[in-house]
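Here is what each chain is made of, one letter per residue.
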Amino acid sequence: MIDLVGFDGDDTLWRSQEFYDRAQEAFEAILGRYVDLASRGLRDALLATERGNIALFGYGAKGMTLSMIESAIELTDGRIEARDIHRIVRLGKEVLAHPVELLPGIREAVSAVAANHRVVLITKGDLFHQEYKVARSGLADIFHRIEIVSEKDPAAYARLFAEFGVAPQRFAMVGNSLKSDIAPVVELGGFGVYMPYHSTWAHELVADFTLGDRVIEVAGAEGIPDAIARMHSAGG
């Protein structure tokens, strides 16, 4: 039996990663004026810098922008011009101001699940940016609670279970990231509904996780209510 259902925000409820992908492409175009992109391994260098900065800057567009500036200075040996640093700052602002566009059918799917279960939105990233997206999504009133966390790991989910008085075996998480949405919940004994997105940040990729019998993969939002109903029935 499922008592509580969690939903991820970015790339589960609304589009997000493609705005970061576009910023990445624009960043590469800027850096291409100074270095050979292929030989310098720019994407790997930026990812390494972002990973190293997460503990300080957290997730989201602001941390990405600061990491881009740091990487640009390092990769160009300090030769990057101030006007190009300003362009990088603008890239970050554009990501922060992107429109909030719900994925097809997600409003209906969340509403259908909420008709039979308590639902909570669990998203990570910059507090202001996530609050901006939640407010403009038009979904906030459906959720019993909105949790914006700095990291989605077993400890974060365990705190959620304790606050709601829910056993892990009665919780299901819906999301597009195996690393943040599915694996930690399954590790604790919960269930996952995995809805892959067409683009995933490299930091969220995992190579050593198999879906198993506690995870149902769906192709789109229309499959979410049925997946939750199946988990609910299987639990007895």
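Residues numbered from 1 in each chain as written. Predicted model: local features only at pLDDT ≥ 70, side-chain atom pairs only at ≥ 80, totals over all residues. Heavy atoms only, no water.

### Here we look at helix α4 (residues 61-75)
Here comes step 1: Taking 1.5 Å of rise per residue, the 15 residues of α4 would be expected to cover 21 Å, and the 20 Å separating its terminal C-alpha atoms lies within 8% of that figure.
Here comes step 2: Taken together, the buried positions of α4 are Ala61, Gly63, Met64, Thr65, Ser67, Met68, Ile69, Ser71, Ala72 and Leu75.
Here comes step 3: Positive phi shows up at aspartate 77, right after α4, with a value of about 55°. (Helix = DSSP H or I, 4+ residues; strand = E, 2+ residues; numbered from the N terminus. Expected span 1.5 Å × (residues − 1). Buried < 20%, exposed > 50% of the residue type's maximum accessible area, 1.4 Å probe, protein only.)

### Things to note about the environment of arginine 33
Here comes step 1: Mapping arginine 33 onto the fold places it in the loop between α1 (17-31) and α2 (37-40).
Here comes step 2: Those residues in contact with arginine 33 that lie beyond four places of it in its chain are Glu81, Arg83, Asp84 and Arg87.
Here comes step 3: At a separation of 3.5 Å, a polar atom in the side chain of arginine 33 contacts the side chain of tyrosine 34. (Contact = heavy atoms within 4.5 Å. Polar contact = N/O pair within 3.5 Å; in protein donor to acceptor, adjacent residues only side chain to side chain.)

### Remarks on helix α7 (residues 127-137)
In an α-helix, one turn spans 3.6 residues; hence positions three or four apart end up facing the same way.
Here comes step 1: Those residues of α7 that fall on the buried side of the exposure criterion are His129, Gln130, Lys133, Val134 and Ser137. Along the axis of α7, the buried residues cluster in a sector spanning 135°; they form a single face. Structural note: α7 exposes Phe128, Ala135 and Arg136 on the side pointing more than 90 degrees away from its buried face.
Here comes step 2: Residues of α7 that are buried sit in contact with α1, α5 (82-96), α6 (106-114), β2 (118-124) and β3 (145-149).
Here comes step 3: Two to three positions downstream of the cap, the backbone nitrogen of phenylalanine 128 sits 3.2 Å from a side-chain oxygen, assigning the N-cap of α7 to aspartate 126.
Here comes step 4: Note on α7: the residue one or two positions beyond its end, glycine 138, has a positive phi of about 75°. (Arc of directions from axis to C-beta.)

### Section: the sheet that holds strand β4 (residues 171-175)
Here comes step 1: With parallel pairing, the six strands of this open sheet are ordered in space as β3-β2-β1-β4-β5-β6. What marks the edges here is a single partner per strand, and that holds for β3 and β6 (215-217). Between one strand and the next, the sheet's axes are offset by a mean angle of 20°, whatever the strand orientation.
Here comes step 2: Both strand β1 (residues 4-7) and β2 contribute to a ladder of four bridges, which runs parallel. The residue of β2 that forms the bridge with valine 5 is valine 119. (Pairing = 2+ DSSP bridges. Axes fitted to C-alpha atoms, helices over the stretch in contact; angles between N-to-C directions.)

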